[in-house]
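Coordinate inspection notes
So the chains spell out like this:
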Amino acid sequence: MERKTKINAAEGKQELVITREFDLPLELLFQAYTESEIVEQWMGTKVLKLENRKHGSYQFETTDPLGNKHGFHGAIHEFLPNQKITRTFEMENSTFGIQLEFLEFEKLTDETSKLNMHIVFRSIALRDQLLQIPFAQGLNMAHDRLQNIVNKLK
Amino acid sequence: MNLRRDVFQAIADPTRRAILLLVASQSMTAGAIASNFDTARPTVSKHLQILTECKLLEQEQNGREIYYHFNPQKIKEIADFIEPFRKMWDDRFNKLENIMKKYKSRK
């Protein structure tokens with residue numbers, strides 16, 4: 001069975017919910033969030049700091065294809081192994097402000113689990129702006145591809 | 001000059017979203033739509049013009065009256081704009097799943 005990621009971004013709300021079921025036991029799903037080497041692999045980012053505890057914090061750094069570095073960081077407010085992580089998230093040097101993330105991990109069967117990610121933004125406009133990034137990137141990529149083709153024709 | 005309208009611009013306004021909700025349940029004339037709002041009639045007309053220009057609403061002549069009805073196909077374009085965001089997370093989570101499956105078998 002294909003396990004699809006669902007996004008619920010209700011109209012007029014400054015929050016969004018991402019849910020996904022995994023063909024993984026709960027413990028393995030949770031581990032993917034707590035071990036730096038694993039986070040680095042699936043998030044495609046460098047983990048500078050990851051303290052898995054209440055009052056802890058984390059710091060990630062991503063390098064884009066042009067070599068520019070982008071920092072992300074946040075503070076951990078709640079950390080309950082195999083249950084939940086509550087943390088803030090901030091994209092450095094951006095206008096998105098600080099987001100609050102509630103990650104809930106749930107056991108479905110011995111071999112399957114579910115993640116519920118509830119993200120709260122400061123405003124509806126900021127949420128909508130964030131949702132549009134991949135859409136805008138897609139448009140830019142399509143534009144770049146077109147530009148490359150045009151350049152080759154010259 | 002009239003700027004080109006797109007659906008995102010059209011739904012950015014709360015009154016226009018309310019009009020869409022209203023017309024989605026049944027086709028209505030401009031007068032009937034306007035009677036649901038405290039806003040001045042010309043303002044409602046302007047909103048209807050914008051919604052029609054970006055094809056969220058369609059006009060249909062019925063005798064002397066013009067009825068506005070809803071175009072669900074166009075609304076789908078808006079639903080689809082979240083799709084790249086969903087895809088980004090889906091790709092990430094697929095990666096996570098694959099990595100952890102290998103991780104499990106290594107142990």
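Everything below is about the structure printed above this text.
First, a word on scope: everything that follows refers to the structure included in this document. (Residues numbered from 1 in each chain as written. Chains lettered and ligands numbered in written order. Predicted model: local features only at pLDDT ≥ 70, side-chain atom pairs only at ≥ 80, totals over all residues.)

Let's shift gears to the overall build of chain A. When helices and strands are tallied, chain A shows three helices and eight strands. In sequence order, chain A lays out its α and β elements as β-β-α-α-β-β-β-β-β-β-α. Within chain A, contacts between residues separated by at least 24 positions form 35% of all contacts whose residues are at least 6 apart in sequence. (Helix = DSSP H or I, 4+ residues; strand = E, 2+ residues; numbered from the N terminus. Contact = placed C-beta atoms within 7 Å.)

It is worth spelling out the nonpolar core at this point. Among the nonpolar cores identified, the biggest contains 13 residues, and B:I19, B:V23, B:I33, B:L48, B:L51, B:L57 and B:Y68 are the most heavily contacted of them. The set of elements that each furnish at least two residues to this core consists of α2 (14–25), α3 (30–34), α4 (41–53) and β3 (65–70) of chain B. Looking at which element gives the most residues to this core, the answer is α4(B), with three residues. With residues near it in sequence (within four places) discarded, B:L57 still touches B:V23, B:L48, B:L51, B:T52, B:Y68, B:H69, B:F70 and B:N71. With twelve residues, the next largest nonpolar core counts A:L24, A:L28, A:F30 and B:F93 among its residues. (Core = buried A, V, L, I, M, F, W, Y, C linked by C-beta atoms within 7 Å. Buried ≥ 20, exposed ≤ 12 C-beta atoms within 10 Å, placed from the backbone.)

Residue and element names in this part refer to chain B. Taken in spatial order, the three strands of this open sheet run β1-β3-β2, and their pairing is antiparallel. Strands with a single pairing partner mark the edges of an open sheet, and in this sheet they are β1 (28–29) and β2 (57–62). Relative to β3, β2 runs antiparallel, the two sharing six bridges. Bridge assignment links L57 to a residue of β3, and that residue is F70. This element, α2, spans β1, β2 and β3 of the sheet and lies at about 100° to β3. (Pairing = 2+ DSSP bridges. Axes fitted to C-alpha atoms, helices over the stretch in contact; angles between N-to-C directions.)

Worth remembering: the numbers are spatial, not functional.
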